[in-house]
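Chain by chain, the residues run as shown.
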Amino acid sequence: MTVPPTIVAPSILAADFARLADEVRAVEGAADWLHVDVMDNHFVPNLTIGLPVVQSLRAATQLPFDVHLMIEDPRRWAPGYADAGAYNVTFHAEACDDPVALAKDLRSAGAKAGLAIDRDTPIEPYLELLPSFDTLLIMTIKAGFGGQRFIPQLLEKVRAARRHVAAGHLELRIEVDGGIAADTIEQAAAAGADAFVAGTAVYGADDPAEAVRRLRALAERAISGA
């Protein structure tokens, strides 16, 4: 199988919400995806943005939207993000009693389907569901807030997922989210991740586009040496 190109997805959770369109344009030409964290203050104890903001931003950029739903009842809400033009819509395994059915709905609506696994959730019960998904997002922090410290022990889930993907010859992105920065991205890449969400490491930099390019170079170096 060919090795897919490395994906770096800046998270607008770390951007200036008063200047979201400008912040998105600041990473155009460097970022692969734009990561959009949707939180409902129920599934996680934080409230961010929702569908109207995603719809408005969709008109401001050509970047593919990687929407991460940290919400209750994703079966009700997730297809709306696909209809709004999201490239990939990821929902949490912990919030959905039939992940495969929702994945089918998302694909029918024209989006890629992603499954997210939070910090305290074992990955093993979900490995057999992966053929129904395009993306597996493994949290390397506890979902809910940006700026947290990377937890390297959670990379064991990435290694387990990568072994499963390789054994089954699956076409699946393995994405990591949480504390990804210049000093952690190589560990995640070496463990088997090929898509990387970075918030503070991008939007806290003087030059967000250059920060994206540097992160991608570090990840690709680790992948080529793995």
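Predicted model only: the values in this text are computed from it and were never measured. (Residues numbered from 1 in each chain as written. Predicted model: local features only at pLDDT ≥ 70, side-chain atom pairs only at ≥ 80, totals over all residues. Heavy atoms only, no water.)

### Quick look at the UniProt feature "binding site: a divalent metal cation" (unreviewed entry) in the protein
Piece 1. Residues given the UniProt feature "binding site: a divalent metal cation" (unreviewed entry) here are His35, Asp37, His68 and Asp177. Taken together, the annotated residues stretch across 143 residues yet fold into one region, lying no more than 10.6 Å apart by C-alpha. Here, the second largest pocket is lined by Asp37 and Asp177 out of the annotated residues.
Piece 2. Looking at the secondary structure, you find His35 in strand β2 (residues 34-39).
Piece 3. Beyond its immediate sequence surroundings of up to four residues, His35 is in contact with Ala9, Pro10, Ser11, Ile12, Asp66, His68, Leu137, Glu175, Asp177 and Val197.
Piece 4. The topology assignment puts Asp177 in strand β7 (residues 173-177).
Piece 5. Taking relative accessible area as the criterion, Asp177 reaches 9% and is therefore assigned buried.
Piece 6. Look past the residues within four positions of Asp177 in its chain and what remains in contact with it is His35, Asp37, His68, Leu137, Ile138, Met139, Thr140, Ile141 and Val197.
Piece 7. Within the local environment of Asp177, its side chain forms a polar contact with the side chain of His35, the two groups lying 3.4 Å apart. (UniProt positions renumbered as here; feature names shortened; annotations may be inferred. 1 Å grid on protein atoms, 1.4 Å probe; cavity = no way out; pocket = protein on both sides within 12 Å on 5 of 7 lines; lining within 4 Å. Helix = DSSP H or I, 4+ residues; strand = E, 2+ residues; numbered from the N terminus. Contact = heavy atoms within 4.5 Å. Buried < 20%, exposed > 50% of the residue type's maximum accessible area, 1.4 Å probe, protein only. Polar contact = N/O pair within 3.5 Å; in protein donor to acceptor, adjacent residues only side chain to side chain.)

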